[in-house]
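Descriptive structure summary
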Amino acid sequence: MAGEPQADCLFCKIVSGEVPATVVRETDTTVAFRDINPQAPTHILVIPKVHHPDAASLSAAEPQIAADVLREAGAVAADEKIDGTGYRVVFNTGSGAGQTVFHAHAHVLGGRGLNWPPG
């Protein structure tokens, strides 16, 4: 059921503490941790503690928690000192867009030039 922890979800297991992660921030509704396969000097994932398969599902079901994820992305950028030089927040939605864990999450990327368009 949407919003409920899923036994086969890696990010749900990180939220529960069953799988370790390098957590950099945590709130009542979110967890932020370093990506294990970073694509930039700063690459942190911000996830909601509730399970929804992607950002669109999260925002439709729980818009306040979606806003919390975005707010925390900005706080992560400030903590990592990339807010002044620029950073990117990315939500991959669907396998064709590169989503590999189907639990809504934002990638916070920075610390190097980020070309446009991405690809």
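Here the structure is shown first, and the text comes after it.
First, a word on what this report is: a plain description of the structure on this page. Remember, predicted model here, so these are calculated numbers, not experimental data.

1. Some details on the side chain of Arg88
- By secondary structure assignment, the location of Arg88 is in strand β4 (residues 87–90).
- One buried charged residue, Arg88, remains without a salt bridge, the closest side chain of opposite sign being Asp35 at 14 Å.
- At 3.2 Å, the side chain of Arg88 and the backbone oxygen of Leu114 are in polar contact.
- Ignoring any residue separated from it by four or fewer positions in sequence, one finds Arg88 in contact with His107, Val108, Leu109, Leu114, Asn115, Trp116 and Pro118.

2. Observations concerning unusual backbone geometry
- Following Trp116, the chain continues into Pro117 via a peptide bond in cis, with omega recorded as 0°.
- Note on placement: Pro117 falls in the segment after β5 (106–110).
- Look at Lys81: it is not a glycine, yet its phi comes out positive at around 65°.
- With respect to the helices and strands, Lys81 occurs in the loop between α3 (63–79) and β4.

3. Examining the sheet that holds strand β3 (residues 42–48)
- The 5 strands are arranged β1-β2-β3-β5-β4 in an open sheet whose pairing can be described as antiparallel. Whereas interior strands pair on both sides, the edge strands pair on one side only; in this sheet they are β1 (23–26) and β4. Direction aside, neighbouring strands of the sheet carry axes that sit 20° apart on average.
- With 3 bridges connecting them, β1 and strand β2 (residues 30–34) associate as antiparallel partners. When the sheet's bridge partners are listed, Glu26 is paired in β2 with Val31.

4. Points about the nonpolar core
- Membership of the largest hydrophobic core comes to 14 residues, with the highest contact counts inside it found for Ala32, Val46, Leu58, Val69, Val76 and Val108.
- Of all the elements in the fold, those that place two or more residues in this core are β3, α3 and β5.
- The leading source of residues in this core is α3, at 6 residues.
- Residue contacts for Ala32: discarding those within four places in its chain leaves Thr22, Val23, Val24, Arg25, Ile44, Leu45, Val46 and Val76.
- If you look at the next biggest cluster of nonpolar residues, it comprises 9 residues, including Phe11, Cys12, Ile14 and Leu45.

5. Concerning the environment of Ala73
- Tracing the backbone shows Ala73 in helix α3.
- Separated by 28 residues in sequence, Ala73 and Leu45 have C-alpha atoms that sit 8.3 Å apart.
- Excluding its chain neighbours within four sequence positions, the residues that come into contact with Ala73 are Val46, Tyr87, Val89 and Val108.

How each quantity is defined
Residues numbered from 1 in each chain as written. Predicted model: local features only at pLDDT ≥ 70, side-chain atom pairs only at ≥ 80, totals over all residues. Heavy atoms only, no water. Helix = DSSP H or I, 4+ residues; strand = E, 2+ residues; numbered from the N terminus. Buried < 20%, exposed > 50% of the residue type's maximum accessible area, 1.4 Å probe, protein only. Lys, Arg positive; Asp, Glu negative; His and termini not counted. Salt bridge = Lys/Arg side-chain N within 4 Å of Asp/Glu carboxyl O. Polar contact = N/O pair within 3.5 Å; in protein donor to acceptor, adjacent residues only side chain to side chain. Contact = heavy atoms within 4.5 Å. Pairing = 2+ DSSP bridges. Axes fitted to C-alpha atoms, helices over the stretch in contact; angles between N-to-C directions. Core = buried A, V, L, I, M, F, W, Y, C linked by side-chain atoms within 4.5 Å.

The values are spatial; any link to function lies outside them.
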